[in-house]
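Spelled out from the first residue to the last, the chains are:
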Amino acid sequence: MSKIAIIGATGRAGSQLLEEALRRGHSVTAIARNTAKIGERAGVVSKQLDVLDSEALIAAIDGHDVVISAAHFASVPADKVIAPVKAAGVKRLLVVGGAGSLLLPDNSRVIDSDGFPEEYLAEASAGALFLDVLRKEQDLDWTFLSPSAEFVETERTGQFRVGKDHLLFDDTGRSWISFADYAIAMIDEVETPQFSRARFTVGY
């Protein structure tokens, strides 16, 4: 079993990652600005801190096998995650990515398509930049997992498809994945790495 640190462990993605990791018997350090909602749980150590406080983050993730970052890209840029992970001596970094940097069938990026929602542009752009920074990273064993276009709070099914850099669509033309099934794919990658120094995606 692995010792996993989750940055942003109380968010919609982070909380499902926490549940999936615990379901499989991993020990988890849950990092968030406010950890009150996590409470006292077996297998969980809560660390309440500001992720932008690099020294505090380094101390919190020291000694872990892997760090998963579920922080918002617009508020936590790549260097504020990558530098502390490296300073703490953690070798693996997995990142909850966005769909904006995925490719459409014509190989253009989702974020560049006509009608991309203005309200998601800042976060999607920051996510694409984070991925660009990772692709230049020489030292970390990193993985960036992009969800489908719709990231939804529906049930955990355990049934989904895995792709690489292109947006996945189901038979009806919908591109979607639940937070719970996304978490399965991420913890699968923790346990059995398939996408070292690469991005991949999941969808129905």
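Treat the numbers as computed from the prediction; the structure is a model and nothing was measured.

Caption draft 1: Representation of the side chain of His 64 within the structure. Position of His 64 relative to the elements: it lies in the loop between α2 (54–61) and β4 (66–69). Here Ile 61 takes part through its backbone oxygen, which lies 2.9 Å from a polar atom of the side chain of His 64. Setting aside its immediate chain neighbours within four residues, His 64 contacts Lys 3, Ile 4, Ala 5, Thr 29 and Val 90.

Caption draft 2: Representation of helix α3 (residues 79–87) within the structure. Turning to α3, its buried residues are Val 81, Ile 82, Pro 84 and Val 85. On its buried face, α3 sits against β1 (3–7), α2, β4, β5 (92–96) and α4 (121–135). The positive-phi residue at the C-terminal boundary of α3 is Gly 89, with phi of around 80 degrees.

Caption draft 3: The arrangement of the packing of helix α1 (residues 12–23) against helix α5 (residues 179–191) in detail. Interaxial distance between α1 and α5 falls to 8 Å at its minimum, and their mutual angle equals 55 degrees. The orientation of α1 with respect to α5, classified from their angle, is oblique. Our pair here, α1 against α5, has a crossing hand that is right-handed. On α5, the residues that touch Arg 12, Ala 13, Gln 16, Leu 17, Glu 20 and Ala 21 of α1 are Phe 179, Ala 180, Ala 183, Ile 184, Met 186 and Ile 187. Counted by class, the contact of α1 with α5 contains nine nonpolar, one polar and two charged residues.

Cut-offs and rules
Residues numbered from 1 in each chain as written. Predicted model: local features only at pLDDT ≥ 70, side-chain atom pairs only at ≥ 80, totals over all residues. Heavy atoms only, no water. Helix = DSSP H or I, 4+ residues; strand = E, 2+ residues; numbered from the N terminus. Polar contact = N/O pair within 3.5 Å; in protein donor to acceptor, adjacent residues only side chain to side chain. Contact = heavy atoms within 4.5 Å. Buried < 20%, exposed > 50% of the residue type's maximum accessible area, 1.4 Å probe, protein only. Axes fitted to C-alpha atoms, helices over the stretch in contact; angles between N-to-C directions. Parallel < 35°, antiparallel > 145°, perpendicular 65-115°, else oblique. Left-handed = near helix turned anticlockwise from the far one by under 90°. Nonpolar A, V, L, I, M, F, W, Y, C, P; charged D, E, K, R; others polar.

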